Amino acid sequence: MSDKNQATPSTGGRRRRKKATRRWPWIVLIVVAVCIAIPGGMFAYAYSQYEVPEPEELANNQISSIYASDNSTQIARIVPPEGNRTQVSLEAIPDHVENAVLAAEDREFWTNSGFSFTGFARAVIGQLTGNDSAGGGSTVTQQYVKNTLVGNEVSYIRKARELVYSIKMTNEWPKEDILNAYLNTVYFGRNAYGIQAASVAYFDKNVEDLTVEEGAMLAGIIQAPSNWDPAVNAQQSEERWNYVLDGMVEIEALPAEQRAGMQFPHTEEPSSVSAYTQATGANAHIKNQVIAELEEVGITEDQVNTRGLRITTTIDPTVQNASVDAVDSNLAPLQEDARAAAVTIDPSTGAVRGYFGGDEAEGWDYANGPTETGSTFKIMALAAALQQGIPLSQNYSSGPYQVGDVTVGNVNNNSCGVCSIEEALKNSYNTSFMRLQADLENTTQDTADMAYSLGVAESLPGVERTLTENGAQPYEGIVLGQYQTRPLDMAVAMATLTNRGVWHDPYFVQRVETNSGEVLYEHPTSEGERRVSEQVADNVIQAMKPIAAWSNGALAGGRESASKTGTHQLGDTGLNKDTWMIGSTPQLASAVWVGTADNASAINNAWGGVMYGAGAPTQIWKQILDTSLADAEWESFPQATPVRYGSNDLSNATAWDPTWNSTPSTGGTASTDEDSDSEGEGDDAEDGDGNGNGDSEGGGETGTGESGADAGGGDGGGDTGGGEEPAAPQVPSVDDVIGDLQDMFG
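Residues numbered from 1 in each chain as written. Predicted model: local features only at pLDDT ≥ 70, side-chain atom pairs only at ≥ 80, totals over all residues. Heavy atoms only, no water.

(A) Examining the overall build of the protein chain more closely. The helix and strand inventory of the protein chain stands at 24 helices and 18 strands. The proportion of buried residues among the 746 residues of the protein chain is 53%. Considering only contacts within the protein chain whose residues lie at least 6 apart along the sequence, 74% involve residues at least 24 apart. Accessible area for the protein chain stands at about 32,600 Å²; split by element, carbon and sulfur atoms hold 49% of it. (Helix = DSSP H or I, 4+ residues; strand = E, 2+ residues; numbered from the N terminus. Buried < 20%, exposed > 50% of the residue type's maximum accessible area, 1.4 Å probe, protein only. Contact = heavy atoms within 4.5 Å. Areas by Shrake-Rupley, 256 points an atom, 1.4 Å probe, with all protein chains shown as cover.)

In C-alpha cells form, the structure reads like this:
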C-alpha cells in the first residue's frame, strides 16, 4: 500500500509535466503573431490604404527663371524657400553621375524592392566599426519618400510609414522615375537642392557637363553635405569620394584602370556662387514687375514656386543694355546721390523693351515712382485742345499771366509776344499754355482727363485718385507738371501718341511655360484701344518734332523724332529737383527722369550748375534710342492733317493783328546758357538759340498760391530770334472750307 501511495504522486507529476509541455506551441504562436503576423497584417492594411502620388503630383519648390525676349538672356531667378532647385530630366544627367549616386547610396537600387537588407546591414557594421564612409541604411527610394512624403521625424511610426511607401512606390513607379525624382530633390549643401543646382554651386556648370570625378564628389557628400563639403572638411570629402569611386568599380560602372588615375576635383569657393542671388541691379526691378504681372494674369504663387517656370519677357537685351549704359555714363560725372529712370516701350504693342529703375536691387524703383513732370505735361493740354478743335496754328500771347494773386511768367521774361501754340510748345512758354488750358471746355480737368486717356495711371498705391487737388479738380499748375506721375506712365502716354492715338496696356510677360514645356500663358495679340483720333495724335507729334534738336538731342543721322523736355523746381531756390525728357521714334517711345535719391534736393549738372531737361535726361534718351535703333529701318511719322474743325469761344486766344508786321516784340532774347539761373517769374524754362545749340531751362517761382500755377512745374521759354513776330494767318481757300465741311459732316 505504501508503494501504491508512493506511485500516485509520481504519476501526477508526470501528467503535470506533460501539461506544461503542451503550452509551448501556444507561446510560439503568440510570439509569431506578435513579431510577424500582426506587423504583417498592419503592413498589409497600411499598404492597401496608403496612396502613392503620381510623380508629377509631388511638386517641390524650385527656381523659376526670367528671360529677355531672346529667350536666352537670363534677367533674374525667382527662388522660393528651400527652392534653389532646377528640375532636369534623367536623360540630361550623365550615366556616370547616376552610377556615382547609386554607388554611394544604393548599390542594389535596380533590383531591390525599395528596402535593402544588405544595405541596412552594411550601415550597421559601419556604425559599429566607426567607418563613416560605409553609407547609410536607407535606399534611394526611402530617402526620396522621407524627403517628400513622411518627413524627418525620429519615430518608429514615421519609419514604418517610410517603409510602406517605399515598397509600394517601387511597385507602382518605374525605377527611372524614382531615380530622377530623387536626383532632383536631394540636398547637396550650399543651399542647393537637386543635382543641377549642386552642379552650379560646386562647379559652376550644368549637370550634363560634370566629369566622373565631379559626379563622384557630389554623390559622396549626400549623407552629410554641410559637414563633408570640401570647403569645410576636405579630408572627409576625399575619403567619401574614394568610397564612391571604389563602389563604381564594384558595380562595374567604372573600369579599375580609369579609376586608378583620377584626381580629386577642384570646387568653387562657396562665396563665389550665391544660390539665392535672384537678380542684380536694374534687373531686380524688372523681376518685381514680372512677379506682379504674373499674379494679374492668373499664374499663382504655388505655380511660380513649384513648377520651375520659364518666363520670357518683352525686354529687348539691346534696349536694356543701352538703357543701363546710358544712365551709367551720364550719371557718372554728376553728384553722388544722382538717380535716373528710363522706360522704353514698343508703341505698336505696349511691350516694355527697356526698364531702368535704379542700380540698387533692393532700392527704390524710380521708374515706378511718381514725381512732378514739369513741362512734359504741356502735351496733355495740347492734345485736349486739338481734340476740341483748337489748331496748332492758334495764336496765344506769351506775356505774363495772372492767376489769382499770382503772376506767372517765363524765364528771364522771355516772350514771342504772340505766336502759335505750336511755336509756344517748342519754346515751352508757360504763359501760352496757361491761356490755352483756360480755353478748354473744362479747363484743368480736360488736361487731367487727356492724361488719363493717353495712359497716365488714375490711381497709385496710397493715392486714390491722381492729378487731383485732394480729390477735387486740379489746379492750373497741372499744365506745368505740378502733379506727380511715374516715368512708366509718361512712356505709355508717349507710346499712345506715337501709335496715332491707340493705347496698349504696357506689359512685361510674353510667355510662361513649365520645365516640362507646358505653356501656361501667352500674351494675347491686341489691337489696342483708341483713346484719341489719329488727327489729334499726329498733330501733337508734329508739334514735338523740332524739340530734340532744339534741346541738343537730335538723334543720330537726323532720324525723325518727337519729344518734350521738362523740369520741376525745388521750392523757390531757383534750383531744379526733377528733370525730364520724353519722346519717341515710330518704333520706340521712351521716358527719362533724372533727379536725386531722396527726390527732395537739387539735381545739378556736371559743373555744379542747375540741371535741366536738355541736360542729362536728353542725353540719356538720345543714347538709348541711337543705340537701340542703330540697325533698325528708317521710319517717319505720318503727315499730320491740320485741325480745322474748332468752334470754341477762345477767350484767351489772340487774333492776328496786322500791326505785328511793323511793331517788334519786346520779348527778351532766349538764353542759351544751360547753367544760368532765372530771375523771371515763370516756373522753369527750356530755351534754345534756334540752331539746336542749347536748351536753357530756368525760371523762378513767384511764390505759392492756391491756384497751384506756380507749383514749380512747367518750363518758361525764349524765342528764336529776339522777339520776331509770327507769320500772319493765311485766309482759308475754297478747298479749305470744303475740307472743313467734309470733316464736320463726312
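(B) Looking closely at the sheet that holds strand E14 (residues 519-522). Strands sit in the order E2-E1-E3-E13-E14 across an open sheet of five strands; the sheet is mixed. With partners counted over all chains shown, the strands left at the sheet margins are strand E2 (74-78) and E14, one partner each. If you compare each strand with its neighbour and ignore which way they point, the axes differ by 15° on average. In the sheet, strand E13 (residues 509-513) pairs with E14 via three bridges, with the strands oriented antiparallel. Across the sheet, residue Glu513 finds its bridge partner in E14, namely Val519. Along the sheet face, helix H13 (residues 283-296) touches strand E1 (64-67), E2, strand E3 (310-313) and E13 and points at about 60° away from the line of E2. (Pairing = 2+ DSSP bridges. Axes fitted to C-alpha atoms, helices over the stretch in contact; angles between N-to-C directions.)

(C) Here's a closer look at the environment of Ser65. Relative to the assigned elements, Ser65 resides in strand E1. Ser65 sits in the buried class, given a relative accessible area of 13%. The sequence separation of Ser65 and Val512 amounts to 447 residues, and the corresponding C-alpha distance is 10.0 Å.

(D) Geometry of the state of the cysteines. Taken as a whole, this structure holds one disulfide when the rule is applied. Residue pairing for Cys416: its cysteine sulfur links by disulfide to Cys419, the two sulfurs lying 2.1 Å apart. An S-S torsion of about -75° defines the bridge between Cys416 and Cys419 as left-handed. Looking at Cys416, the relative accessible area reads 5%, which means it is buried. Among the residues examined, Cys419 registers a relative accessible area of 3% and is labelled buried. (Disulfide = S-S within 2.5 Å.)

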